[in-house]
Amino acid sequence: MPSDHANAGYRRLFDREGLTFGAGFPLTGTNRSTPDHEREIELATLAEELGFDGLWARDVPTYWPKFGDAGQTFDTWPWLSHVAAHTDEIALGTSSVVLPLRHPLHVAKSAATVDRLSDGRLVMGVASGDRDPEYPAFGVDRENRGELFREGLEALRTVWREDYPSLEGRWGRLEGDLDVVPKPTAGTIPLLPTGNSRQSDDWIDEHGDGWLFYHLPESTLESYIAQWREATEAKPFAIAIRVELADDPAAEPEPLHLGYRAGVEWYRDYFRRLEEYGLDHAIVGLQSEDRERAFERFADEIIDEL
């Protein structure tokens, strides 16, 4: 979807017609322990070479075994800085920073730093969070997370766009004698609320630069995109989906948690349908013992064929 946003990452993801694809860390699939960071970087550079448009890191401050994963384990900001140093043009995304659990001034400074170090490639998914034990661990009342999300997003926008701003929220107060530096390369960083983030659709349309969603049944996703397109023609819609490619190209889909196991023929038709619905970007979590082969197959047999 063509956009007028100056951010390089946003343009890479959304500045052309048709569906684009990203890959979600951990690319090695190691999400309950510490992944091999060298192997992760090898796969990240391979994804860029193969034509993927984004690399997305999750924000999981603590490991809760009951939930089932620790994201890519490494903290979002140093990890994306490391990835930025080993890639050239691919967009770097967060999926998604949990604003109620992080002080907005820390987020603003960390994000702007990554944005500067990557020459403006950062795009941020932001969320209200969904792991209940984390709220008391950070001294946050989970019932206030919707309000904290709104305050956090407003604070990010303000300190990126203004010098020495005056601003107040539950997180604290700026009185015009302090500034947050560096500023982002394009004056701000695109923010995509994730899921509902305990906000109304109208609020997301007004305050977000797009909408990022987790995997949904196809009919539900079609209706969500249709509602979004009624509200806005200009802002993108993105999803994250788990993908396992069957050996048989004609294999019919089998449900997985947040995705499917299916043949490439089915997946080509599936993504073509999503593109027709108006989907702009898909963050793919590839499942395979042979990761390199999975990335190559997805790029050659799906991305290049759409």
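Computed from a predicted model, the values in this text were never measured in an experiment.

Scoring rules and cut-offs
- Residues numbered from 1 in each chain as written.
- Predicted model: local features only at pLDDT ≥ 70, side-chain atom pairs only at ≥ 80, totals over all residues.
- Heavy atoms only, no water.
- Helix = DSSP H or I, 4+ residues; strand = E, 2+ residues; numbered from the N terminus.
- Rg over C-alpha atoms; globule rule 2.2 N^0.38 Å.
- Buried < 20%, exposed > 50% of the residue type's maximum accessible area, 1.4 Å probe, protein only.
- Contact = heavy atoms within 4.5 Å.
- Areas by Shrake-Rupley, 256 points an atom, 1.4 Å probe, with all protein chains shown as cover.
- Lys, Arg positive; Asp, Glu negative; His and termini not counted.
- Charge placed at Lys NZ, Arg CZ, Asp CG, Glu CD.
- Expected span 1.5 Å × (residues − 1).
- Salt bridge = Lys/Arg side-chain N within 4 Å of Asp/Glu carboxyl O.
- Core = buried A, V, L, I, M, F, W, Y, C linked by side-chain atoms within 4.5 Å.
- Phe/Tyr/Trp six-rings, centres within 6.5 Å; stacked < 30°, edge-to-face > 60°.
- Pairing = 2+ DSSP bridges.

1. Thoughts on the overall build of the chain
Okay, step 1: When you go through the chain residue by residue, the secondary structure sums to ten helices and twelve strands.
Okay, step 2: Taken over C-alpha atoms, the radius of gyration comes to 19 Å for the chain, in line with the 19 Å a tight globule of 306 residues would show.
Okay, step 3: Judged by the C-alpha coordinates and their principal axes, the chain covers about 60 × 45 × 35 Å.
Okay, step 4: For the chain, the proportion of its 306 residues judged to be buried stands at 54%.
Okay, step 5: Excluding contacts between residues fewer than 6 apart, the proportion of contacts in the chain whose partners are at least 24 apart in sequence is 68%.
Okay, step 6: Just so you have it, the chain exposes about 13400 Å², and 45% of that area is on carbon and sulfur atoms.
Okay, step 7: A gap of 4 Å separates the mean positions of the 31 positive and 58 negative side-chain charges of the chain.

2. Quick word on helix α9 (residues 264-277)
Okay, step 1: In this model, α9 (14 residues) spans 20 Å end to end at C-alpha, consistent with the 20 Å of a helix rising 1.5 Å per residue.
Okay, step 2: All buried positions along α9 are accounted for by Val264, Trp266, Tyr267, Arg268, Tyr270, Phe271 and Leu274.
Okay, step 3: Those residues of α9 that are buried lie in contact with β1 (20-24), α8 (218-231), β9 (237-245), β11 (259-262), β12 (281-286) and α10 (291-301).

3. So, the pattern of salt bridges
Okay, step 1: In total, this model carries 20 salt bridges according to the counting rule given.
Okay, step 2: Between Arg12 and Asp53 there is a salt bridge, with the nearest N and O atoms lying 2.6 Å from each other. Linking Arg12 in helix α1 (residues 8-14) with Asp53 in the loop between α2 (37-50) and β2 (54-57), this pair joins segments that are 41 residues apart in sequence.
Okay, step 3: Given the relative accessible area of 4%, Asp53 is considered buried.

4. Some remarks on the nonpolar core
Okay, step 1: In this structure, Phe52, Met124, Phe271 and Phe298 are the most contacted members of the largest nonpolar core, which totals 75 residues.
Okay, step 2: Leave out the neighbours within four places in its chain, and Met124 touches Trp77, Thr94, Val97, Val107, Ala111, Leu156, Trp160, Ile189, Pro190, Leu191 and Leu192.

5. Some thoughts on the environment of Ala108
Okay, step 1: Turning to its location among the elements, Ala108 is positioned in helix α4 (residues 104-117).
Okay, step 2: Judged by relative accessible area, which is 0%, Ala108 ranks as buried.
Okay, step 3: Taking the C-alpha atoms as reference, Ala108 lies 34 Å from Tyr277; in sequence the two are 169 residues apart.
Okay, step 4: Ignoring any residue separated from it by four or fewer positions in sequence, one finds Ala108 in contact with Leu156, Val159, Trp160 and Val180.

6. So, the packing of aromatic side chains
Okay, step 1: One pass over the structure, following the stated rule, counts 24 aromatic pairs.
Okay, step 2: Measuring from centroid to centroid gives 5.2 Å for Trp211 and Phe213, while their planes differ by 70°, and the two rings are edge-to-face. With respect to burial, Trp211 and Phe213 carry one shared label: buried.
Okay, step 3: Each member of the aromatic cluster is reached from another via a ring pair, and the members are Phe21, Phe52, Tyr260, Trp266, Tyr267, Tyr270, Phe271, Phe295 and Phe298.

7. Section: helix α6 (residues 145-161)
Okay, step 1: With 17 residues, α6 should cover 24 Å at 1.5 Å per step; its first-to-last C-alpha distance of 24 Å lies within 8% of that length.
Okay, step 2: Along α6, 13 of the 17 residues are buried, which leaves the element largely enclosed by surrounding structure.

8. Digging into unusual backbone geometry
Okay, step 1: With omega at 0°, the peptide bond leading from Phe25 into Pro26 counts as cis.
Okay, step 2: Relative to the helices and strands, Pro26 resides in the loop between β1 and α2.
Okay, step 3: Omega for the peptide link from Val181 to Pro182 comes to 5°, which places this bond in the cis form.
Okay, step 4: Turning to its location among the elements, Pro182 is positioned in the loop between β6 (172-175) and β7 (191-193).
Okay, step 5: A positive phi is found at Thr73, a non-glycine position, where the angle reads about 70°.
Okay, step 6: In this structure, Thr73 sits in the loop between β2 and α3 (76-85).
Okay, step 7: Although it is not a glycine, Tyr164 sits at a positive phi angle of roughly 50°.
Okay, step 8: Assignment of secondary structure puts Tyr164 in the loop between α6 and β5 (166-169).

9. Overview of the pairing of strand β4 (residues 122-127)
Okay, step 1: Counting buried residues along β4, six of its six residues qualify, which places the element largely inside the surrounding structure.
Okay, step 2: Residues Leu122, Met124 and Val126 point to one face of β4 and Val123, Gly125 and Ala127 to the other, with burial holding for every one of them.
Okay, step 3: The sheet contact formed by strand β3 (residues 91-98) and β4 spans five bridges and is parallel. Note on β4: the bridge partner recorded for Val97 is Val126.

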